[in-house]
Amino acid sequence: MESRYLQKCLGTCLTQGLTEVARVRPLDPIEYLALWIYKHKENVNMEQMRQREIIALEHERELAMMEREMLERLKAEELLFQQQQLAFQLEMEMQQKEKQKTDDFKTGQEKSSKDMMSMESTARGEEPMLSEESMMDTGKTLAEISDRYGAPNLSRVEELDEPMLSDVALNIDQDL
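This structure is a prediction, so every number in the text was calculated from the model and none was measured.

Here is what the cut-offs are and how they apply
Residues numbered from 1 in each chain as written. Predicted model: local features only at pLDDT ≥ 70, side-chain atom pairs only at ≥ 80, totals over all residues. Heavy atoms only, no water. Patch = residues over 30% accessible without salt bridge, like charges linked within 9 Å, V, L, I, M, F, W, Y side chains within 5 Å. Areas by Shrake-Rupley, 256 points an atom, 1.4 Å probe, with all protein chains shown as cover. Salt bridge = Lys/Arg side-chain N within 4 Å of Asp/Glu carboxyl O. Helix = DSSP H or I, 4+ residues; strand = E, 2+ residues; numbered from the N terminus. Buried < 20%, exposed > 50% of the residue type's maximum accessible area, 1.4 Å probe, protein only. Contact = heavy atoms within 4.5 Å.

*Asks:* What is the right way to read a nonpolar patch on the surface from this model?
*Replies:* The grouping of Tyr5, Leu6, Leu10, Leu14 and Leu18 at the surface amounts to a nonpolar patch, some 450 Å² of accessible area in total. Along the chain, tyrosine 5 falls in helix H1 (residues 2–24). We classify tyrosine 5 as exposed; its relative accessible area is 53%.

This is the structure in structure tokens:
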């Protein structure tokens, strides 16, 4: 029983200490053995602390690697997002340019057709018809532009989107 305890707790330590005492042959072998055992215990504790620090450092290194990978993924996603935004903006600009070209083309066709109609009417000897834009540019009233009897003497006509209710209809609603 006691030999197992000694073997378990002091087995290798005592064997190595006695070997060291036999090799060195100090004047006080008991004190030397005691100091050697204390030093051995301190060395074992230091080795255990060093192993724990190595494990902690390895864990920190793994965490740092994971964090770096996460940052790289985030940067890649951010770059991809920026590229998508740029592609979207370019697509929108292309659509706007295409729409502008289409509008310009339609406007050009309308002008050319109006010019053709004007030229045809001039060739027939009729008075050319003026478009709304040309009427607004000249500043003439409708009566001055038109030779028809009863044309209003207005420079422009405003149209309302909603029908106006008369004052009488409003008063009837309020009385009810």
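From this point on, the discussion continues.
*Asks:* Any chance you could explain the pattern of salt bridges here in plain terms?
*Replies:* Working definition: two side chains of opposite charge can pair if their charged atoms are close together. For the coordinates displayed, the defined rule picks out 4 salt bridges. Put simply, arginine 23 and glutamate 20 hold a salt bridge, and the shortest N to O gap is 2.5 Å. Of this pair, arginine 23 and glutamate 20 both sit in helix H1, separated by 3 residues, roughly a single helical turn. Its relative accessible area of 61% is what places arginine 23 among the exposed residues.

*Asks:* How should the side chain of glutamate 20 be read in this particular structure?
*Replies:* For glutamate 20, a relative accessible area of 19% corresponds to the buried category. Setting aside residues no more than four positions away along its own chain, glutamate 20 makes contact with Tyr32 and Trp36.

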